[in-house]
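# Examination of the molecular architecture
Here is how the chains run, residue by residue.
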Amino acid sequence: MSITIRRTEPSDYEAMQHIFTGPQAVWGTLQLPFPSAEQWRKRLAEPPEGLFGLVACVDNNEVVGQLDLHTFPSRPRRRHVGQIGMAVRDDWQGKGVGTALMQAAVDLADKWLNLTRLELEVYIDNGPAIRLYEKFGFTIEGTLVDYAFRDGQYVDTYTMARLRK
Ligand SMILES: CC(C)(COP(=O)(O)OP(=O)(O)OC[C@H]1O[C@@H](n2cnc3c(N)ncnc32)[C@H](O)[C@@H]1OP(=O)(O)O)[C@@H](O)C(=O)NCCC(=O)NCCS
């Protein structure tokens, strides 16, 4: 099985809707259940300035994962920072897709965008995600209490960052 990473295209909106139809993908992110294809179409058609959207494709070019790297080109004092959010489709988790996406994002940040600080937020009970981030050198910087409402209760979040010295 080979995993290919490419830039997100506007035509990927149905694949995004498919990814966020999965209960695990919703559980681990800030997305809501019942994702709308139309909302994803609009979102991909008008990306904000500084967003590098990546998708992971397998086999017959099927999109099974996504990662957004937000940068801040219009904020001089945050130009060294990138913020990451990601999700792999439920039926493709645990097969190396997240690792391939994160490797591509880290390479982009280190070797092309010259970002020295990557940030992300992760629910404190999301073990697989935390292990993935630690594998790439992210460390926990703090805990945000009752950060989000998820499946009937509030959940705490770790803020994590990877500093490139
Ligand atoms: C978190 C997520 C992005 C990881 O992507 P993935 O494709 O499943 O991860 P990989 O298969 O590349 O595995 C990466 C590492 O995570 C850990 N991991 C993955 N699945 C795991 C599992 N079921 N149990 C324990 N650890 C696991 C392992 O340490 C693994 O590294 P290793 O195989 O080198 O030891 C993915 O599971 C996901 O999208 N989950 C739902 C949405 C979400 O939580 N997004 C993150 C928001 S912060």
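One numbering rule holds for all chains: residues counted from 1, following each sequence as written. At least 70 in pLDDT is required for a residue's local features to be given in this predicted model, at least 80 for side-chain atom pairs to be given and counted, and no such filter applies to totals for whole chains, interfaces and linings, which use all residues. In computing side-chain values, all of the structure's heavy atoms are included and hydrogens and water are not.

## Let's talk about the overall build of the chain
A helix here means a DSSP run of H or I that spans at least four residues, while a strand means a run of E at least two residues long, and both kinds are numbered starting from the N terminus. Counting its secondary structure elements, the chain contains five helices and seven strands. Helices (α) and strands (β) of the chain occur, in sequence order from the N terminus, as β-α-α-α-β-β-β-α-β-α-β-β. Throughout, the radius of gyration refers to the C-alpha atoms, and the reference size of a globule is 2.2 Å times the residue count to the power 0.38. On C-alpha atoms alone, the chain measures out to a radius of gyration of 15 Å, which is about the 15 Å that the 2.2 N^0.38 rule sets for 165 residues. With the C-alpha coordinates of the chain rotated into their principal frame, the extents come out at 40 × 40 × 30 Å. Relative accessibility thresholds used throughout: buried, under 20% of the residue-type maximum; exposed, over 50%; partly exposed, between the two (1.4 Å probe, protein chains only). Relative to its full complement of 165 residues, the chain shows a buried share of 42%.

## A closer look at helix H4 (residues 97–112)
Helix span, as expected, comes to 1.5 Å for every residue beyond the first. A rise of 1.5 Å per residue sets the reference length of H4, with its 16 residues, at 22 Å; its end C-alpha atoms lie 22 Å apart and thus fit the reference within 8%. Once H4 ends, the next one or two residues include Asn114, with phi positive near 55°.

## Comments concerning the pairing of strand S7 (residues 153–163)
Relative to S7, strand S5 (residues 117–123) is paired through seven bridges, and the arrangement is antiparallel. Each residue of the ladder has a partner; that of Leu120, found in S7, is Met160. Here strand S6 (residues 139–150) pairs with S7 via eight bridges, running antiparallel. Note that in S7 the partner of Ala148 across the bridge is Val155. By this definition, two strands are paired if DSSP reports at least two bridges between them. Count of turn residues in the S6/S7 antiparallel hairpin: two residues, of which Asp151 carries a positive phi of about 50°.

## Let's talk about the sheet that holds S5
Spatial strand order, S1-S2-S3-S4-S5-S7-S6: seven strands in an open sheet with mixed pairing. Edge strands, defined here as strands with exactly one partner in the open sheet, are strand S1 (3–7) and S6. On average, adjacent strands in this sheet sit at an angle of 25° to one another, irrespective of strand direction. Pairing analysis gives eight bridges linking strand S2 (residues 51–58) to strand S3 (residues 62–71), with the strands arranged antiparallel. From the neighbouring strand, Val58 faces S3, where its bridge partner is Glu62. Only heavy atoms matter for contacts: two residues are in contact if any of them lie within 4.5 Å across the pair. Where helices are involved, their axes are fitted lines through C-alpha atoms of the stretch in contact, as for all axes, and angles between N-to-C directions lie from 0 to 180°. On the sheet, H4 packs against S1, S2, S3, strand S4 (81–88), S5 and S7 and is oriented at approximately 30° with respect to S3.

## Some remarks on the site of the ligand
Here, proximity means that at least one heavy atom of the residue falls within 4 Å of the molecule or strand. By nearness alone, 23 residues border the ligand, and Val88, Gly96, Gly98, Thr99 and Asn126 come closest of all. Residues adjacent in sequence count toward polar contacts only when both atoms are side-chain atoms; beyond that, a polar contact is any pair of N or O atoms within 3.5 Å, and within protein one must be able to donate a hydrogen and the other to accept it. One nitrogen or oxygen atom from the side chain of Gln93 is found 3.4 Å from a nitrogen atom belonging to the ligand. The separation between an oxygen atom of the ligand and a polar side-chain atom of Thr99 is 2.6 Å. The Shrake-Rupley method, run with a 1.4 Å probe sphere, supplies the accessible areas, and residue values consider only the shown protein chains as cover. Protein chains shield 73% of the accessible area of the ligand, which is 920 Å² for the free molecule. At the level of elements, helix H2 (23–28), S4, H4, S5 and helix H5 (127–135) are the ones that each hand at least two residues to the shell around the ligand.

## Thoughts on unusual backbone geometry
At Asn61, a position not held by glycine, the phi torsion is positive, near 65°. Tracing the backbone shows Asn61 in the loop between S2 and S3. Its relative accessible area of 59% is what places Asn61 among the exposed residues. Unusually for a residue other than glycine, Asn114 sits at a positive phi of about 55°. With respect to the helices and strands, Asn114 occurs in the loop between H4 and S5.

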